[in-house]
Amino acid sequence: MKTFKMLSMTVVHNDEILPIPLVDGIIINQENSHRAWILEMYIDKNDSTFFEQFEESKEVIDVKVVISYPENEPATFEVVVYSIKKIGDYVSVLLKGTLKVVRRKYAEQLLSELISDGLSGDELVSRFEADMRSRPQLKKDLANQQKA
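Notes on the structure in this doc start here. (Residues numbered from 1 in each chain as written. Predicted model: local features only at pLDDT ≥ 70, side-chain atom pairs only at ≥ 80, totals over all residues. Heavy atoms only, no water.)

## A short note on helix α1 (residues 49-57)
Residues three or four positions apart in an α-helix share a direction because the helix packs 3.6 residues into each turn. Cut-off, in case you're wondering: Burial classes follow relative accessibility: with a 1.4 Å probe on protein chains only, a residue under 20% of its type's maximum area counts as buried, one over 50% as exposed, and anything between as partly exposed. Numbering of helices and strands runs from the N terminus, with a helix taken as a DSSP run of H or I at least four residues long and a strand as a DSSP run of E at least two residues long. To be clear, the arc concerns the directions from the helix axis to the C-beta atoms. In this description, contact between two residues means that some pair of their heavy atoms is separated by no more than 4.5 Å.
The complete set of buried residues in α1 reads F50, F51 and F54. One side of α1 carries all its buried residues, which in axial view fall inside an arc of 80 degrees. Counted as exposed and oriented over 90 degrees from the buried face of α1: T49 and E56. Turning to α1, the residues buried within the fold contact β1 (2-13), β2 (16-20), β4 (36-44), β5 (61-67), β6 (75-87) and β7 (90-99). Once α1 finishes, K58 follows within two positions and takes phi at roughly 60 degrees, a positive value.

## Concerning the nonpolar core
Spelled out, the test is: By convention a nonpolar core is built from buried Ala, Val, Leu, Ile, Met, Phe, Trp, Tyr and Cys residues, the set being connected through side-chain atoms within 4.5 Å.
Ranked by size, the top nonpolar core spans 24 residues in total, and within it M9, L39, M41, F51, F77 and V93 carry the most contacts. For this core, the elements supplying multiple residues, two or more each, are β1, β4, α1, β5, β6 and β7. The dominant element in this core, judged by the number of residues it contributes, is β6, at five residues. L39 has contacts with M6, M9, I26, I27, V63, V65, F77, V79, V93, L94 and L95, leaving out every residue within four places of it along the chain. Judged by nonpolar contacts, the second largest core, of seven residues, contains Y106, L110, M132 and L138.

Pasting the structure below:
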């Protein structure tokens, strides 16, 4: 097994992108024949109500997770909410699932989008640096979600 620090997470559901404010998080590659992963988030209890509906239904949801370093590309997982445990003012949300798609070259695609938007020079560099930190969803990904 390999463990990684979860830096950020967004949920992709019903054509919406929902950022989940993390207090802390970890992701575990179980390295088994099922290619299973375990994701555990420590979040404010006010942010947990969204996950409660999925704990009961066991509906599969897509999540995008940045692990280890902010510069890493988000990895997309198909997960189910396995359990939710209240811990004081916080909640531990345990997700189990599989890696959905092989990560692609986010930086190159972002740069291409910014250039096609007409940015250049210092403005291009500044926006590229900011977007590499915040990791907005790429237009190509949004278009693919709208088609699905």
